[in-house]
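This is what each chain is made of:
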Amino acid sequence: MLLEQRVYAAFTATASYQESMMALRLPPLSSLRFFEAAGRHQSFKLAAGELNVTPSAVSHGIVALEKALGVALFVREPRGLSLTPEGADYLTYVSEALSLIAVGTERLPNKQKKRTIAVSCAPTIASRWLLPRLHSYSDRWPNVDVSVDTSRRQVGFPVDGFDFALRMSRSSAADSGWTRLFGEQLVPVCSPSYRDTLCDGNGDIDLRRATLIHVSAASEDWRAWLEKTGTNGIEPGKGLHFDTIQLAFEAAAMGLGVALGRRPLVNRELVSGTLVDLGLEVIVADTAYWLLSSEGTAHRSDLVGFRRWLVREAEAFEGHLAGHLLA
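Note that the coordinates shown come from a computational prediction; the quantities given were computed from them, not determined experimentally.

Calculation notes
- Residues numbered from 1 in each chain as written.
- Predicted model: local features only at pLDDT ≥ 70, side-chain atom pairs only at ≥ 80, totals over all residues.
- Heavy atoms only, no water.
- Helix = DSSP H or I, 4+ residues; strand = E, 2+ residues; numbered from the N terminus.
- Buried < 20%, exposed > 50% of the residue type's maximum accessible area, 1.4 Å probe, protein only.
- Contact = heavy atoms within 4.5 Å.
- Areas by Shrake-Rupley, 256 points an atom, 1.4 Å probe, with all protein chains shown as cover.
- Axes fitted to C-alpha atoms, helices over the stretch in contact; angles between N-to-C directions.
- Parallel < 35°, antiparallel > 145°, perpendicular 65-115°, else oblique.
- Left-handed = near helix turned anticlockwise from the far one by under 90°.
- Nonpolar A, V, L, I, M, F, W, Y, C, P; charged D, E, K, R; others polar.
- Phe/Tyr/Trp six-rings, centres within 6.5 Å; stacked < 30°, edge-to-face > 60°.
- 1 Å grid on protein atoms, 1.4 Å probe; cavity = no way out; pocket = protein on both sides within 12 Å on 5 of 7 lines; lining within 4 Å.
- Points joined across faces, edges and corners; volume = space filled by probe spheres on them.
- pLDDT = per-residue confidence, 0-100.
- Expected span 1.5 Å × (residues − 1).
- Salt bridge = Lys/Arg side-chain N within 4 Å of Asp/Glu carboxyl O.
- Pairing = 2+ DSSP bridges.
- Polar contact = N/O pair within 3.5 Å; in protein donor to acceptor, adjacent residues only side chain to side chain.

Quick notes on the overall build of the protein chain
For the protein chain, the helix and strand inventory stands at 12 helices and 11 strands. Counting every position in the protein chain, which comprises 327 residues, the buried fraction comes to 41%. At a minimum sequence separation of 6, the contacts of the protein chain that also span at least 24 residues come to 73%. Accessible surface, the protein chain: about 17,800 Å² in total, of which carbon and sulfur atoms supply 55%.

Next up, the structure:
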């Protein structure tokens, strides 16, 4: 059932709908926003960062809300924050109500308001895949603005104001709002000079001589590549460890070792020649990039157009990747 239908059914459950609405007293909207964000993140600090206020403001707002409602919404413990059973139940209603307000606001026929498409995307895929393609979208739809947010946080549709999000996952959620865009290819890469140090007497690459460069946050790294290629005699955990793909690529370009390149993210360095493909086996990653769409996307022609454009770009790109893998 759609969000609007669920909320409408809840509000019209009694025969005296209009009369009850006239007598209905609602808590302050700001307190409800604090509660929804804190309940979703299970943290006053993360909620404050999302809403651009102080953690103290969130805490005071929720205390005031609890006093107004006469019920405890959170359990505050030294180890962290958790919802009470009453708070968890209330969060469901508050989240849906705020979502309905956001959807209704977006559907207002305001001709003077210039539409903006808001996209949440991880920094690396934004700079290395999305941004180089945005010019083709702007050429087709010059009157539509696109806003790209690269903050690393969970997105709540549509409360956070985003229309789309690009995320990496092994599979989609049980949700029609998920669309697969393209997968990744894992390929060992290093600087041209470092490659020369790995050649044996026959000119073949001996990976056992290499310092492996790891990305600690990656769900698939050297261990996955070594297992899938059946490569033995190499300790998968040794080497240099970095927390971002960008740092791993930079370390490889400086000649510090061999990184596990991820197409399409490593394409820029391969084209420029700062990194080179070692010519070893390329594997297809289990993870893929997905497009997440908020409810109500189909009600705006600009969002429909952006989604179709992005999916077409992804299909063309994945076809290019597949051809490269077979080459």
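Focus: the packing of helix H3 (residues 29-41) against helix H5 (residues 55-69)
Here H3 crosses H5 at 110°, and the two axes come no closer than 9 Å. Taken as axis vectors, H3 and H5 run roughly perpendicular relative to one another. For the pair H3 and H5, the sense of crossing is left-handed. Residue-level inspection shows Ser-31, Leu-32, Phe-34, Phe-35 and Ala-38 of H3 in contact with H5, the latter providing Ala-57, Val-58, Gly-61, Ile-62 and Leu-65. A breakdown of the residues in the contact of H3 with H5 according to their chemical character gives eight nonpolar, two polar and no charged.

As for the packing of aromatic side chains
The geometry of an aromatic ring pair comes down to the distance between the two centres and the angle between the two planes. Applying the stated criterion across every chain yields a total of 14 aromatic pairs. Seen in terms of ring centroids, Trp-129 and Phe-317 are 6.2 Å apart; in terms of plane orientation they differ by 70°. Their pairing is edge-to-face. Separated by 188 residues along the polypeptide, Trp-129 in helix H7 (residues 123-140) and Phe-317 in helix H12 (residues 301-326) bring together distant segments of the chain. What links up through ring pairs into an aromatic cluster is the set Tyr-137, Trp-141, Phe-164, Phe-306 and Trp-309.

Quick word on empty space enclosed by the protein
Evaluation of the coordinates by the stated rule reveals one cavity of 30 Å³ or more. Size it by volume and the largest cavity reaches roughly 40 Å³. Breaking the lining of the largest cavity down by element, the ones donating at least two residues are strand S7 (212-215), helix H10 (245-253) and strand S9 (258-263).

Some words on the confidence of the model for the protein chain
Chain-level statistics for the protein chain give a pLDDT mean of 82 and a share of 83% at 70 or above. Contacts of residues 13-22 to residues separated by more than four positions or lying in other chains number one contact, the stretch itself having pLDDT below 50.

Digging into H3
Between its terminal C-alpha atoms H3 stretches 18 Å, which fits the 18 Å expected from 13 residues at 1.5 Å a residue. Most of H3 sits out of view: 10 of its 13 residues are buried. Within H3, the full set of buried residues consists of Ser-31, Leu-32, Phe-34, Phe-35, Glu-36, Ala-37, Ala-38, Gly-39, Arg-40 and His-41.

Things to note about the pattern of salt bridges
With the rule as written, the count across this model stands at 10 salt bridges. Where Arg-40 meets Glu-36, a salt bridge forms, and the shortest distance between an N and an O atom there is 2.9 Å. With Arg-40 and Glu-36 both in helix H3 and four residues apart, the pair spans about one turn of that helix. Given a relative accessible area of 18%, Arg-40 falls into the buried group. Under the relative-accessibility criterion, Glu-36 is labelled buried at 3%. In this structure, the salt-bridge partner of Asp-221 is Arg-262, at a minimum N-O distance of 3.7 Å.

Remarks on the pairing of strand S2 (residues 80-83)
Of the two faces of S2, only the one carrying Leu-81 and Leu-83 is buried; Gly-80 and Ser-82 on the other face are not. One ladder, built from four bridges, connects strand S1 (residues 74-77) with S2; its direction is antiparallel. Note that in S2 the partner of Arg-76 across the bridge is Leu-81.

Section: the side chain of His-214
The topology assignment puts His-214 in strand S7. Looking at His-214, its side chain comes within polar contact range of the main-chain oxygen of Pro-236, at 3.3 Å. If we skip the residues at most four places from it in the chain, His-214 touches Asp-221, Trp-222, Pro-236, Gly-237, Lys-238, Gly-239, Leu-240, His-241 and Phe-242.

Notes on the environment of Thr-211
Tracing the sequence through the fold places Thr-211 in the loop between helix H8 (192-197) and S7. Thr-211 gets classed as partly exposed once you look at its relative accessible area, which sits at 31%. With 28 residues separating them in the primary sequence, Thr-211 and Gly-239 have C-alpha atoms 5.3 Å apart.

Things to note about the environment of Phe-182
Mapped onto the secondary structure, Phe-182 falls in strand S6 (residues 178-190). Classification of Phe-182 as buried rests on a relative accessible area of 1%. Separated by 106 residues in sequence, Phe-182 and Ala-288 have C-alpha atoms that sit 5.8 Å apart. Excluding anything up to four places from it in sequence, Phe-182 contacts Ile-125, Trp-129, Pro-264, Ala-288, Tyr-289, Ala-314, Phe-317 and Glu-318.

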